[in-house]
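Listed here are the chains, written in short residue letters.
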Amino acid sequence: MSAAKGFIIKNNLGNRLVAGSFNSGMSSIPIAEAVALRNSLLCAKDRGFRKVEVKGDSKLVIDAVNEDVYPP
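Residues numbered from 1 in each chain as written. Predicted model: local features only at pLDDT ≥ 70, side-chain atom pairs only at ≥ 80, totals over all residues. Heavy atoms only, no water.

**Here we look at a nonpolar patch on the surface**
The following threshold applies: Patch membership needs two things, relative accessible area over 30% and no salt bridge, and members are linked within 9 Å if like-charged or within 5 Å if nonpolar (Val, Leu, Ile, Met, Phe, Trp, Tyr). Accessible surface area values rest on a Shrake-Rupley calculation with a 1.4 Å probe, where residue burial reflects the displayed protein chains alone. By definition, a salt bridge exists where a carboxyl oxygen of Asp or Glu is found within 4 Å of a side-chain nitrogen of Lys or Arg. Secondary structure elements are taken from DSSP: a helix is a run of H or I of four residues or more, a strand is a run of E of two residues or more, and numbering for both begins at the N terminus.
On the surface, Leu 17, Leu 41, Phe 49, Val 52 and Val 54 cluster together into a nonpolar patch covering about 390 Å² of accessible area. With respect to the secondary-structure elements, Phe 49 resides in the loop between α1 (29-46) and α2 (59-65).

**Things to note about α1**
The line we're drawing: What a helix should span is 1.5 Å times the count of its residues minus one. Whether a residue is buried, partly exposed or exposed follows from its accessible area with a 1.4 Å probe, protein chains only, as a fraction of its type maximum: under 20%, in between, or over 50%, in that order. Each direction from the helix axis to a C-beta atom contributes to the arc, which is the arc of those directions.
The end-to-end C-alpha distance of α1, which contains 18 residues, comes to 26 Å, matching closely the 26 Å that a straight helix rising 1.5 Å per residue would cover. Every buried residue belonging to α1 is among Ala 32, Glu 33, Ala 36, Leu 37, Ser 40, Cys 43 and Ala 44, and all of these are buried. Summarising the axial view, the buried residues of α1 lie within an arc of 140 degrees, below the 170-degree limit, and thus occupy one face. Away from the buried face of α1 by more than 90 degrees, exposed residues Lys 45 and Asp 46 are located.

**Here's the deal with the pattern of salt bridges**
Where charged atoms from two side chains of opposite charge approach closely, those side chains can pair. By the definition in use, this model includes 2 salt bridges. Note that Lys 5 is salt-bridged to Glu 33, the shortest N-O span being 2.7 Å. One end of the pair, Lys 5, is in strand β1 (residues 2-10); the other, Glu 33, is in helix α1, and 28 residues separate them in sequence. You can call Glu 33 buried: its relative accessible area is 13%.

**Points about unusual backbone geometry**
Of note, the phi angle at Glu 67 is positive, near 60 degrees, even though the residue is not glycine. With respect to the helices and strands, Glu 67 occurs in the segment after α2.

Right, here's the structure in full:
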């Protein structure tokens, strides 16, 4: 399955600052979600953002980041 993912970085007022998208190629949905999260955090770091709040629609990925679950 081929997956395309994206991300949006907003400021504390909800205004969009950066948007990005990419084709993650052949991967599972959780892998594509994790790569999108990684890419958004790298983008935030590259732009000097020091405080971030992450939102996502993959409970598995969010729980893995929070160490609430360890994916297979």
